[in-house]
Amino acid sequence: NAFNVLNRATALVNLRYLCPPLATFTINIYRSPAKLFLQDGSFILSSEGTTQGCNLASPWYCISLNPLISALSEADCAQIFFADDGASVGKLLALRKWWE
C-alpha cells in the first residue's frame, strides 16, 4: 500500500509549504507515532505513512506527491495521477525518461 510508505516527517514539512491551512491540523495528528495494538496486548509504533480510516489520509498523500509529480512533468509526455496511481502516455523515449 503506497499510503504506508509515505515518509511522514518529510510529508509534514512539505505540507507546511504546499497547503498551510491543512498543515497545523495534520501535524497535530501525525507528529507522534500511533500505537497499533496486537492481539496479545502488546503494540508496535506506526511512524510512517498515513493511518487507515483517517479523513486526512487521501488529501495529505496527494498533496505529498505534488513535488514528485512536478519533477516528472519535465518529461515530454501526458500524465495522470489519482490517489496512489499514476500513468503516462507519450513517445517511447519520453516515457523512458519519465519512468527513470
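Above this note sits the structure.
Residues numbered from 1 in each chain as written. Predicted model: local features only at pLDDT ≥ 70, side-chain atom pairs only at ≥ 80, totals over all residues. Heavy atoms only, no water.

### Some points on the overall build of the protein chain
Check the secondary structure of the protein chain and you find four helices and four strands. Reading the protein chain from its N end, one meets helices and strands in the order α-α-β-β-α-β-β-α. Reported as C-alpha extents along the three principal axes, the dimensions of the protein chain are approximately 55 × 35 × 20 Å. In the protein chain, buried positions account for 27% of the 100 residues. Here the contacts in the protein chain between residues at least 6 apart in sequence split such that 42% fall between residues at least 24 apart. Surface accessibility of the protein chain: about 7,200 Å² in total, with carbon and sulfur atoms responsible for 59%. (Helix = DSSP H or I, 4+ residues; strand = E, 2+ residues; numbered from the N terminus. Buried < 20%, exposed > 50% of the residue type's maximum accessible area, 1.4 Å probe, protein only. Contact = heavy atoms within 4.5 Å. Areas by Shrake-Rupley, 256 points an atom, 1.4 Å probe, with all protein chains shown as cover.)

### Structural notes on the pairing of strand S3 (residues 78-82)
Note that S3 and strand S4 (residues 85-89) share five bridges and pair antiparallel. Within the sheet, the bridge partner assigned to phenylalanine 81 lies in S4 and is glycine 86. Between the antiparallel neighbours S3 and S4 lie two residues, among them alanine 83 with a positive phi of about 55 degrees. (Pairing = 2+ DSSP bridges.)

### A look at the side chain of serine 64
Turning to its location among the elements, serine 64 is positioned in helix H3 (residues 57-72). With residues near it in sequence (within four places) discarded, serine 64 still touches Leu6 and Ala11.

### Some remarks on H3
Between its first and last C-alpha, H3 extends 23 Å over 16 residues, near the 22 Å set by a 1.5 Å rise per residue. The largest bend in H3 is about 35 degrees, located at asparagine 66, with the proline proline 67 one to four residues further on. Turning to H3, its buried residues are Ala57, Trp60, Tyr61, Ile63, Ser64, Leu65 and Leu72. Looking at the buried residues of H3, the elements they touch are helix H1 (8-18), helix H2 (20-30), S3 and helix H4 (92-99). (Expected span 1.5 Å × (residues − 1). Bend = angle between axes of the 7 residues up to and from the residue.)

### Some remarks on a nonpolar patch on the surface
On the surface, a nonpolar cluster with roughly 330 Å² of combined accessible area is contributed by Val13, Tyr17 and Leu18. By the secondary structure assignment, leucine 18 is in helix H1. We classify leucine 18 as partly exposed; its relative accessible area is 38%. (Patch = residues over 30% accessible without salt bridge, like charges linked within 9 Å, V, L, I, M, F, W, Y side chains within 5 Å. Salt bridge = Lys/Arg side-chain N within 4 Å of Asp/Glu carboxyl O.)

### Some details on the nonpolar core
Core analysis: the biggest nonpolar cluster contains 13 residues, and Leu6, Leu12, Leu15, Leu22 and Trp60 have the highest contact counts within it. Of all the secondary-structure elements, those providing two or more residues to this core are H1, H2 and H3. Here tryptophan 60 is in contact with Leu6, Arg8, Ala11, Leu12, Leu15, Thr26, Tyr30, Gly49 and Thr50, once residues within four sequence places are set aside. Ranked by size, the runner-up nonpolar core spans five residues in total, among them Ala75, Cys77, Ala94 and Trp98. (Core = buried A, V, L, I, M, F, W, Y, C linked by side-chain atoms within 4.5 Å.)

### With respect to the packing of aromatic side chains
For the structure shown, the criterion picks out two aromatic pairs. Ring geometry for tyrosine 30 and tryptophan 60: centres 4.6 Å apart, planes at 40 degrees, overall tilted. Taken together, the residues tyrosine 30 in helix H2 and tryptophan 60 in helix H3 connect sequence positions 30 residues apart. Under the relative-accessibility criterion, tyrosine 30 is labelled buried at 2%. On the basis of relative accessible area, tryptophan 60 is assigned to the buried category, the value being 0%. (Phe/Tyr/Trp six-rings, centres within 6.5 Å; stacked < 30°, edge-to-face > 60°.)

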